[in-house]
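Breakdown of the fold
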Amino acid sequence: MGGFFAAASQNDCVFDLFFGTDYHSHLGTRRAGLAVYSEEDGFTRSIHNIENSPFRTKFSAEINDMKGYLGIGCISDYDPQPLIVRSHHGTYAISCVGKINNMEELLNRLLKHSHMHFLAQSGSEINTVEIVAALINSRDNLIEGLQYAQKMIDGSMTILLLTHAGIYLSRDKYGRTPLVVGKKDDGYCASFEAFAYLNLGYQDYKELGPGEIAIMTQDGVKTLVAPGDKMRICTFLWVYYGYPASRYEGVSVEEMRYRCGEKLALRDREEPVEIDTVAGVPDSGTAHAIGYANASNVPFSRPFIKYTPTWPRSFMPTIQSKRDMIAKMKLIPVHELIEHKRLLLIDDSIVRGTQLRETVEFLYSSGAKEVHVRPACPPIMFGCKYLNFSRSNSEMELIARRMIQQEEGENVSLDILYDYCNPDSSRYLKMVDMIKKQQHFTTLRYNRLDDLLEATGLDANKLCTYCWNGKE
């Protein structure tokens with residue numbers, strides 16, 4: 001995934017840019033960067049690796065030497081950014097959040113029609129931000145370039161582009177990621193997370209629509225390309241990625257998670273299980289568990305605590321086996337709340353199943369009598385095509401797909417996969433039972449997609465559900 005923040009101020013913007021970007025640290029684990037512009041110094045940029053040290057530690061010293069009234073910042077899981085680009089449009093800095101599925105096609109197109117070149121990173125990969133900049137530069141002006149990039153990219157891409165005259169804001173053509181604007185007396189800011197600017201003194205100003213392009217300066221925000229009428233914002237933002245204090249399309253992340261938990265509890269009334277306490281896998285499972293506890297009148301507890309003082313989310317290796325180990329090491333048991341208890345445990349999702357299985361085994365070894373599991377979203381059946389939310393290299397890493405392969409063999413047709421997505425089908429029930437046994441859960445019931453969508457309170461046609469049902 002990734003996050004971003006931008007500021008345009010009549011005064012120096014670096015303080016706001018630094019803290020606004022830092023508030024997005026939960027969205028990325030590998031790279032972070034800042035770029036600012038001032039008339040005296042032109043463009044100044046800094047990029048750091050944040051895999052083993054949080055954002056503030058890496059940037060706190062050098063921001064004292066950065067000055068500017070316009071700036072953009074990013075947290076990234078993948079590409080080093082922002083990049084500073086010099087082209088026929090002049091010099092600008094650019095940062096992006098999203099995913100490009102047709103990289104090779106775009107690369108070949110760009111190389112075929114020009115003499116440009118691209119700098120290869122480790123493993124011969126090309127920085128996706130450089131591809132976006134090349135698409136923009138292939139048109140006569142920045143507005144046409146941004147429109148062209150959005151048109152040509154298969155996947156999703158939200159773009160911040162910093163020039164000497166202002167900051168261009170371009171939300172993904174289907175709005176899969178959010179882009180909100182805040183306002184205060186001396187300027188404006190743009191942010192992925194709506195909460196990121198509140199403590200900096202900004203008030204809500206507007207939310208860009210899907211495909212909308214605007215320019216932000218110290219004096220205002222002007223729409224250059226009107227928003228489209230098709231929205232497909234990622235539903236998983238509410239379920240997992242979004243910070244609890246944030247909101248998207250006016251819907252609170254924390255309240256939505258309460259409603260998810262409530263939906264799970266109401267479904268459990270149809271087939272009740274005897275439990276002593278409800279717990280959430282920290283951090284994103286906690287609010288779902290509170291919603292379940294409130295609706296079921298079963299006490300909420302925290303039988304294990306995540307140790308975060310020295311292990312923030314950014315301290316997570318990119319190798320999956322090491323990530324699993326670190327995730328397990330963060331959890332500290334409270335034996336008095338586990339021993340001889342029948343626990344109902346809610347996590348935001350089950351992706352591969354490795355971490356949750358180890359968590360459940362950890363609860364059993366700590367004295368739990370039973371562990372009933374309730375994921376807050378349906379089984380993840382398809383790898384995300386749009387936001388890089390999963391590190392899975394293959395859909396066969398997904399536990400649901402592994403169970404289907406075990407039952408159906410290789411080359412399962414889409415019709416059969418769709419049947420497995422139907423919570424009322426016999427295939428779905430068999431798959432869930434297989435996962436339950438493989439994971440050693442006492443019982444397992446996923447949240448249904450229809451309940452999940454209702455919990456958002458938005459029109460289902462505005463929500464992306466591809467990872468759960470394979471529908472575009």
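Everything below is about the structure printed above this text.
A short tour of the structure in this document, coming up. (Residues numbered from 1 in each chain as written. Predicted model: local features only at pLDDT ≥ 70, side-chain atom pairs only at ≥ 80, totals over all residues. Heavy atoms only, no water.)

Looking at the nonpolar core
Ranked by internal contacts, the top residues of the largest apolar core, which has 86 residues, are L169, M216, L345, L363, M431 and W468. With 32 residues, the next largest nonpolar core counts C96, V132, L146 and I215 among its residues. (Core = buried A, V, L, I, M, F, W, Y, C linked by side-chain atoms within 4.5 Å. Buried < 20%, exposed > 50% of the residue type's maximum accessible area, 1.4 Å probe, protein only.)

Focus on the sheet that holds strand 1 (residues 2–9)
Spatially, 7 strands are ordered 3-2-4-1-10-9-11 in an open sheet, and the strand pairing comes out antiparallel. This sheet does not close on itself; its edge strands, each paired only once, are strand 3 (42–49) and strand 11 (203–207). Ignoring which end each strand starts from, the neighbouring axes of this sheet average 15 degrees apart. With 7 bridges connecting them, strand 2 (residues 31–38) and strand 4 (residues 70–76) associate as antiparallel partners. Looking across to strand 4, one finds that A32 is bridged to I75. (Pairing = 2+ DSSP bridges. Helix = DSSP H or I, 4+ residues; strand = E, 2+ residues; numbered from the N terminus. Axes fitted to C-alpha atoms, helices over the stretch in contact; angles between N-to-C directions.)

Topic: the pattern of salt bridges
For the coordinates displayed, the defined rule picks out 25 salt bridges. Here E270 ties to R267 by a salt bridge, and the two come within 3.6 Å at their closest N and O atoms. Across the pair K436 and D433 runs a salt bridge, and its minimum N-O distance is 3.5 Å. Within this pair, K436 and its partner D433 are both found in helix 13 (residues 426–439), separated by 3 residues, close to a single helical turn. Accessibility expressed as a relative area gives 22% for K436, which makes it partly exposed. Each of D268, E271, R374 and R445 takes part in a single network of salt bridges with overlapping partners. (Salt bridge = Lys/Arg side-chain N within 4 Å of Asp/Glu carboxyl O.)

Brief notes about the sheet that holds strand 6 (residues 90–100)
Taken in spatial order, the 6 strands make up an open sheet running 5-6-7-8-12-13, and their pairing is antiparallel. Each of the sheet's edge strands pairs with one partner strand only, and the pair in question is strand 5 (83–87) and strand 13 (220–225). With direction set aside, neighbouring strand axes in the sheet form an average angle of 30 degrees. Where strand 6 and strand 7 (residues 155–162) come together, 8 bridges link them in antiparallel fashion. Among the inter-strand pairings, A93 is bridged to a residue of strand 7, identified as L162. In this fold helix 4 (residues 128–137) packs onto strand 5, strand 6 and strand 7, with an angle of close to 120 degrees to the strand it touches most, strand 6. (Contact = heavy atoms within 4.5 Å.)

What to know about the environment of M103
With respect to the helices and strands, M103 occurs in helix 3 (residues 103–112). Taking the C-alpha atoms as reference points, M103 and F19, 84 residues apart in sequence, are found 33 Å from one another.

Observations concerning the state of the cysteines
Evaluated as defined, the whole model comprises 0 disulfides. Of the cysteine sulfurs around C74, a residue in no disulfide, the closest is that of C96, at 9.1 Å. Exposure remark for C74: the relative accessible area of 1% places this residue in the buried category. (Disulfide = S-S within 2.5 Å.)

Points about a positive patch on the surface
Together, R109, K112, R139 and K151 give the surface a local cluster of positive charge. A relative accessible area of 35% means that R109 is categorised as partly exposed. (Patch = residues over 30% accessible without salt bridge, like charges linked within 9 Å, V, L, I, M, F, W, Y side chains within 5 Å. Areas by Shrake-Rupley, 256 points an atom, 1.4 Å probe, with all protein chains shown as cover. Lys, Arg positive; Asp, Glu negative; His and termini not counted. Charge placed at Lys NZ, Arg CZ, Asp CG, Glu CD.)

Comments concerning helix 13
Three- or four-residue spacings in an α-helix give side chains the same orientation, since the helix completes a turn every 3.6 residues. With 14 residues, helix 13 extends 20 Å between its outermost C-alpha atoms, agreeing within 8% with the 20 Å of an ideal straight helix rising 1.5 Å per residue. Within helix 13 the residues assigned to the buried category are Y428, M431, V432, M434, I435 and Q439. Down the axis of helix 13, the smallest arc covering the buried residues is 160 degrees, so these residues share one side. Those residues of helix 13 that are exposed and angled more than 90 degrees off the buried face are S426, L429 and K437. Buried positions along helix 13 lie against helix 10 (354–365), helix 11 (399–408), helix 12 (414–421) and strand 22 (443–444). Looking one or two residues past helix 13, H440 carries a phi angle of roughly 65 degrees, positive in sign. (Expected span 1.5 Å × (residues − 1). Arc of directions from axis to C-beta.)

Some details on the pairing of strand 10 (residues 187–191)
With 5 of its 5 residues buried, strand 10 lies for the most part within the structure. Of the two faces of strand 10, the one carrying G187, C189 and S191 and the one carrying Y188 and A190 are both buried. The sheet contact formed by strand 1 and strand 10 spans 5 bridges and is antiparallel. Paired with F5 across the bridge in strand 10 is S191. Here strand 9 (residues 180–184) runs beside strand 10; their pairing, made up of 5 bridges, is antiparallel.

Some details on the side chain of T217
Relative to the assigned elements, T217 resides in strand 12 (residues 213–217). The residues touching T217, leaving out its near neighbours within four places in the chain, are A8, A165, G166 and Y188.

Considerations on the packing of helix 11 against helix 12
Where helix 11 contacts helix 12, the axes come no closer than 12 Å and their chain directions differ by 120 degrees. With respect to helix 12, the element helix 11 is oriented oblique. For the crossing formed where helix 11 meets helix 12, the hand is right-handed. Side by side, helix 11 and helix 12 meet where R401, I404, E407 and E408 of the first sit next to I416, L417 and Y420 of the second. Looking at the contact of helix 11 with helix 12 residue by residue, the class counts come to 4 nonpolar, no polar and 3 charged. (Parallel < 35°, antiparallel > 145°, perpendicular 65-115°, else oblique. Left-handed = near helix turned anticlockwise from the far one by under 90°. Nonpolar A, V, L, I, M, F, W, Y, C, P; charged D, E, K, R; others polar.)

Any link to function would need more than the numbers given here.
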